[in-house]
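# Structural description and commentary
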Amino acid sequence: QVYLVESGGGLVQAGGSLRLSCTASGSIFSIDDMGWYRQAPGQQRELAARITSGGTTTYADSVKGRFTISRANAKNMYLRMYSLKPEDTGVYYCAANVSRAGSTGAFWGQGTQVTVSS
């Protein structure tokens, strides 16, 4: 089994900052891409930022210049969020493409709530 656990969400005022963390554990041979997705109330889940095992990053246009994704090692990923806006409110999910013995697949965390008040 593979587990992804997010932490660091919370309530913050507009203009504030938060740092989200994601830790992967379980039967993992290697992890390729990891990413942060978010889902606002009544909206579809969308990509906020993604990082490859080599460190290449991709950001949604709406967060460019305000969010920074990073990986401390193969199993730990972070999302630093600055200049937060009310429209950044939502549940933030960690996702990873994980290789295990004989298989590769996408796994998701349970999500952490981020609420930005105006």
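Okay, so let's go over this structure.

Parameters at a glance
Residues numbered from 1 in each chain as written. Predicted model: local features only at pLDDT ≥ 70, side-chain atom pairs only at ≥ 80, totals over all residues. Heavy atoms only, no water. Disulfide = S-S within 2.5 Å. Helix = DSSP H or I, 4+ residues; strand = E, 2+ residues; numbered from the N terminus. Buried < 20%, exposed > 50% of the residue type's maximum accessible area, 1.4 Å probe, protein only. Pairing = 2+ DSSP bridges. Phe/Tyr/Trp six-rings, centres within 6.5 Å; stacked < 30°, edge-to-face > 60°. Lys NZ or Arg CZ within 6 Å of the ring centre and 35° of its normal. Core = buried A, V, L, I, M, F, W, Y, C linked by side-chain atoms within 4.5 Å. Contact = heavy atoms within 4.5 Å. Salt bridge = Lys/Arg side-chain N within 4 Å of Asp/Glu carboxyl O.

## Quick look at the state of the cysteines
A full pass over the atoms with the stated rule returns one disulfide. One disulfide in the model links Cys22 with Cys94; its S-S distance is 1.9 Å. What sets the handedness of the Cys22 and Cys94 disulfide is the S-S torsion sign, and at about -65° it is left-handed. On the criterion of sequence distance, the pair formed by Cys22 in strand S3 (residues 18-26) and Cys94 in strand S9 (residues 90-100) is long-range, its members being 72 residues apart. In terms of burial, Cys22 and Cys94 fall into one category: buried.

## Things to note about the pairing of S9
Extensive coverage of S9 is indicated by the burial of eight of its 11 residues. Where S9 lies against strand S11 (residues 112-117), three bridges are found, and the strand directions are antiparallel. Looking across to S11, one finds that Gly90 is bridged to Val114. Note: S9 against strand S10 (residues 103-108), six bridges, orientation antiparallel. Bridge pairing links Arg100 to Ser103 in S10. Linking S9 to S10, which pair antiparallel, is a turn of two residues; within it Gly102 sits at a positive phi near 85°.

## Here's the deal with the packing of aromatic side chains
According to the stated counting rule, one finds one aromatic pair in the structure shown. The ring centre of Trp108 lies 4.8 Å from the NZ or CZ of Arg45, which sits over that ring.

## Describing the nonpolar core
Counting residues in hydrophobic clusters, the biggest one holds 29 residues, and the most contacted among them are Trp36, Leu79 and Met81. Mapped onto this core, the elements with two or more residues apiece are strand S1 (2-7), S3, strand S4 (30-39), strand S5 (46-51), strand S7 (67-73), strand S8 (76-81), S9 and S11. Setting aside chain neighbours within four positions, we find Met81 in contact with Gly16, Ser17, Leu18, Leu20, Arg66, Phe67, Tyr92 and Val114.

## Some remarks on the pattern of salt bridges
A full pass over the atoms with the stated rule returns four salt bridges. Here Arg38 and Glu46 are joined by a salt bridge, their closest N and O atoms 2.9 Å apart. In this structure Glu46 comes out as partly exposed when scored by relative accessible area, which is 38%. For the salt bridge of Asp61 with Lys64, the shortest nitrogen-to-oxygen distance reads 3.1 Å. Residue Asp61 is classed as exposed on the basis of its relative accessible area, which comes to 67%. Salt bridges here are not isolated pairs; linked through shared partners, they connect Arg38, Glu46, Arg66 and Asp88.

All quantities given are derived from atomic positions and should not be read as evidence of function.
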